[in-house]
Amino acid sequence: MFKIDSLSYQYPSGRKGLRDVSLKGRPGECIVLMGPNGSGKSTLLRSLATELRCPKGSLLVFGQPISGNLQKIRRRIGYAGDQPVHLPGLTGMENAQLFADLYGLEREEAALVLEELFERFGLSKVRDVPVGSYSHGMKKKLQLIESLAHSPELIILDEPTLGLDPSALEVFVDSMNNKYSKHSCAVLATNHPGLATKVATSVVFLIDGEMIVQGSPEELL
């Protein structure tokens, strides 16, 4: 799915985001990134999602370098950053349909998939309500729906369960462990050990942009 070798990134301010990080992701794996604020978790996810440009080192996604392959690569990725980004004047379903269009789903197929996801995450009653009136938790649910609608091969999620209610959290864990676990690779950032023990095949600790250790949840948590 992806291979990172000696990846480094420095922000324009001069702050080091990543320092020589090397990591591999294969189908069936769920890699959980943990570490204090500013440790490089989001920077690593944004690099992997092709959002940050020109990091130093080697980054291959689906066996290809990012340069020259952005559109093809991005259509195979499901990405949800730490802050939901929506068009507030559109309804939840209209926002989700917009993302499905960008990912290349046919309208008929998208309608069926989105209907199921809205039901599973408990947003059916507000699917036709403008997102501007959604709570933070509802926006996080919608963001997950948008990132999973096209059954991505590489799932990249930054604090995906922050603000979720217990029922939505259960749906998310079930999705990671069942629907997307066999053929997809997931990389997610969280500082909740309980979530890591439920979904992770391996845990990576980052501090000051450096990868300190990687191991199984049982070994590290």
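Refer to the structure above for everything that follows.
What you see is a predicted model, and the numbers here were worked out from it, not measured in a lab.

Conventions adopted
- Residues numbered from 1 in each chain as written.
- Predicted model: local features only at pLDDT ≥ 70, side-chain atom pairs only at ≥ 80, totals over all residues.
- Heavy atoms only, no water.
- Helix = DSSP H or I, 4+ residues; strand = E, 2+ residues; numbered from the N terminus.
- Rg over C-alpha atoms; globule rule 2.2 N^0.38 Å.
- Contact = heavy atoms within 4.5 Å.
- Areas by Shrake-Rupley, 256 points an atom, 1.4 Å probe, with all protein chains shown as cover.
- Pairing = 2+ DSSP bridges.
- 1 Å grid on protein atoms, 1.4 Å probe; cavity = no way out; pocket = protein on both sides within 12 Å on 5 of 7 lines; lining within 4 Å.
- Points joined across faces, edges and corners; volume = space filled by probe spheres on them.
- Nonpolar A, V, L, I, M, F, W, Y, C, P; charged D, E, K, R; others polar.
- Axes fitted to C-alpha atoms, helices over the stretch in contact; angles between N-to-C directions.
- Expected span 1.5 Å × (residues − 1).
- Buried < 20%, exposed > 50% of the residue type's maximum accessible area, 1.4 Å probe, protein only.
- Polar contact = N/O pair within 3.5 Å; in protein donor to acceptor, adjacent residues only side chain to side chain.
- Patch = residues over 30% accessible without salt bridge, like charges linked within 9 Å, V, L, I, M, F, W, Y side chains within 5 Å.
- Salt bridge = Lys/Arg side-chain N within 4 Å of Asp/Glu carboxyl O.
- Phe/Tyr/Trp six-rings, centres within 6.5 Å; stacked < 30°, edge-to-face > 60°.
- Lys NZ or Arg CZ within 6 Å of the ring centre and 35° of its normal.

Caption draft 1: Spotlight on the overall build of the chain. The helix and strand inventory of the chain stands at eight helices and 10 strands. Taking 2.2 N^0.38 as the reference for a compact globule, 221 residues should give roughly 17 Å; the C-alpha atoms of the chain span a radius of gyration of 17 Å, in line with that estimate. C-alpha atoms of the chain, sized along the principal axes, occupy 45 × 40 × 35 Å. When contacts within the chain are restricted to residue pairs at least 6 apart in sequence, those whose partners lie at least 24 apart make up 66%. As presented, the chain carries roughly 10,600 Å² of accessible surface, and 52% of it is formed by carbon and sulfur atoms.

Caption draft 2: How the structure looks around the sheet that holds strand E4 (residues 56-61). Taking strand neighbours across the sheet as the criterion, the four strands line up as E2-E1-E4-E5 in an open arrangement whose pairing is antiparallel. If you trace the sheet from one side to the other, it starts and ends with strand E2 (16-25) and strand E5 (64-65), each paired once. Two strands pair when backbone bridges link them, and strand E1 (residues 2-10) and E4 are joined in this way by five bridges, in the antiparallel orientation. Note that in E4 the partner of Ser8 across the bridge is Lys56.

Caption draft 3: The layout of surface pockets, seen in detail. Size it by volume and the largest pocket reaches roughly 370 Å³. What lines the largest pocket is Ala49, Thr50, Glu51, Gln71, Arg74, Arg75, Ile77, Tyr79, Phe99, Leu102 and Tyr103. Going through the elements one at a time, helix H2 (70-74), strand E6 (77-80) and helix H3 (92-102) are the ones with two or more residues in the lining of the largest pocket. Per-class residue counts for the lining of the largest pocket are six nonpolar, two polar and three charged.

Caption draft 4: Summary view of the pairing of E4. Where E4 meets E5, two bridges bridge the pair, whose relative direction is antiparallel. Across the sheet, Val61 pairs through a bridge with Gln64, a residue of E5. In this antiparallel pair of consecutive strands, E4 and E5, the connection spans two residues, and Phe62 shows a positive phi of 55°.

Caption draft 5: Representation of the sheet that holds strand E9 (residues 202-207) in the model. One open sheet accounts for six strands, arranged E6-E7-E8-E3-E9-E10; its pairing is mixed. One side of each edge strand has no neighbouring strand; the edge strands of this open sheet are E6 and strand E10 (210-215). Between one strand axis and the next, the sheet turns through 15° on average, direction left out of account. Pairing of strand E3 (residues 30-34) with E9, which is carried by four bridges, proceeds in the parallel orientation. Along E9, the bridge assignment pairs Ile31 with Ser202.

Caption draft 6: Highlighting the pairing of E9. One ladder, built from five bridges, connects E9 with E10; its direction is antiparallel. Bridge pairing in E10 links Ile207 to Glu210. Here E9 hands over to E10 after two residues, with Asp208 in that stretch at a positive phi of 50°.

Caption draft 7: Representation of helix H6 (residues 166-179). With 14 residues, H6 extends 19 Å between its outermost C-alpha atoms, agreeing within 8% with the 20 Å of an ideal straight helix rising 1.5 Å per residue. Where H6 is concerned, the buried positions are Ala168, Val171, Phe172, Val173, Ser175 and Met176.

Caption draft 8: Inspection of the side chain of His150 at higher detail. You can see His150 is positioned in the loop between helix H5 (136-148) and strand E7 (154-158). With relative accessibility at 12%, the residue His150 sits in the buried group. Here the side chain of His150 touches Ile77 through a polar contact of 2.9 Å, landing on its backbone oxygen. Apart from residues no more than four positions distant in its own chain, His150 is found in contact with Arg75, Ile77, Gly78, Tyr103 and Leu105.

Caption draft 9: A nonpolar patch on the surface, seen in detail. Together, Leu87, Leu98 and Leu102 give the surface a local cluster of nonpolar side chains, amounting to about 270 Å² of exposed area. Looking at where Leu87 falls in the secondary structure, it is placed in the loop between E6 and H3. Given the relative accessible area of 44%, Leu87 is considered partly exposed.

Caption draft 10: Highlighting the packing of aromatic side chains. Counted under the stated rule, the structure contains one aromatic pair. When the ring of Tyr9 is compared with that of Tyr11, the centres are 5.0 Å apart and the planes differ by 85°; the resulting orientation is edge-to-face. Considered together, Tyr9 and Tyr11 belong to a single accessibility category, that of buried residues. Across from the ring centre of Phe62, 3.9 Å away, lies the NZ or CZ of Arg76, which sits over that ring.

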